[in-house]
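Results of the structural survey
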Amino acid sequence: MDSLCKSSRQSSSSPFDALLFDMDDTLYSYKIGIGQALKKNIDDFIMEKFGFSESEASALRIELFRKYGSSLAGLRALGHDIDADEYHSFVHGRLPYHLIEPDSDLRSLLLTIHQRKIIFTNSDRVHAVKVLDRLGIRDCFERIICFETMNPNLSRRRPGEVPVVLKPAMEAMNIAVVSAGVVPRRTLFFDDNIQNIVAGNAIGLRTALVGTSKRTSKECDYALEKVSDLIRVIPEIWFIGNTEVDDDKVMASSNRTRNSEMDSSFLASTSVGA
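Residues numbered from 1 in each chain as written. Predicted model: local features only at pLDDT ≥ 70, side-chain atom pairs only at ≥ 80, totals over all residues. Heavy atoms only, no water.

As annotated in an unreviewed UniProt entry, the protein chain is Pyrimidine 5-nucleotidase from Cuscuta australis.

Listed below in structure tokens is the structure:
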């Protein structure tokens, strides 16, 4: 593991001892199309499993997500014997992972952050590892808190016997805090889902909503369009005493990100819609 990715003790002058990062649509942009591909895969799973039409499957997926937080959680709550590994293998195994490209700017930014960095995702571990490897940043994180962490004994339980635990359920938030061994008020939680942000705030985490520069809820302490905006929006991450950590490295990472964004604006006149 790159030595710069390892945790180091941070001065109490920084308000944060640890950072919890959601992964999908947080560490990479939703615009690349992974989310849309996932929705289609879920629809295909429902169609194959239950013989529904495409429109029926899509409508059910939307309803299950609205009511239960995920299609898997909803199907099991309704009594369907859906194996989690089979489900994840189907809906994630067919994703176009090649669309996720290595992000050297993100890696450089993460390397300047010496607090503990932990992934907190609703996805299964196999998917999380694939995404982080594609981005080239897996070794920058101490651990991955994922579906299996929140649902360790699900395969031994009958459908409907116990609910699938996922963000934004408070049980999921508690599991993450205990599993990571963090102090909520000293931990910064990044997520693109406002419901997850609200849940994080309720348990005492400091929160940062990703995907918008506007604080759309009093429950979010910060709001940023993308994680690369950290240096500008939350500079106190790098504070030690009255100075900043690795100032030259932080500024170099910031400059690379700005240059990359300027290049992109010239290369493409419109965004890729998800």
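Moving on from the model shown.
1. Structural notes on the sheet that holds strand β3 (residues 143–145)
Sheet architecture is open: 6 strands sit in the order β3-β2-β1-β4-β5-β6, paired in parallel fashion. Taken across any chain shown, the strands that pair with only one partner, and hence form the sheet edges, are β3 and β6 (222–224). Strand-to-strand twist of the sheet, defined as the mean angle between neighbouring strand axes without regard to direction, takes the value 25 degrees. Examined bridge by bridge, strand β4 (residues 187–191) and strand β5 (residues 206–210) share 4 bridges and lie parallel to one another. The residue of β5 that forms the bridge with L188 is R206. (Pairing = 2+ DSSP bridges. Helix = DSSP H or I, 4+ residues; strand = E, 2+ residues; numbered from the N terminus. Axes fitted to C-alpha atoms, helices over the stretch in contact; angles between N-to-C directions.)

2. A look at the pairing of strand β2 (residues 116–120)
Counting buried positions along β2 yields 4 of 5 residues, so the element is predominantly enclosed. In the sheet, strand β1 (residues 18–21) pairs with β2 via 4 bridges, with the strands oriented parallel. Each bridged residue has a counterpart across the sheet, and for L19 the counterpart in β2 is K117. Where β2 lies against β3, 3 bridges are found, and the strand directions are parallel. Within β3, the residue paired with I118 across the bridge is R143. (Buried < 20%, exposed > 50% of the residue type's maximum accessible area, 1.4 Å probe, protein only.)

3. Describing the pairing of β4
Among the 5 residues that make up β4, 5 are buried, leaving the element largely enclosed by the rest of the structure. Alternating residues of β4 divide into T187, F189 and D191 and L188 and F190, and every residue in both groups is buried. Where the polypeptide runs from β4 across helix α9 (residues 194–202) and back to β5, its parallel neighbour, the crossover connection is right-handed. (Right-handed = clockwise from strand over helix to strand, strands pointing away.)

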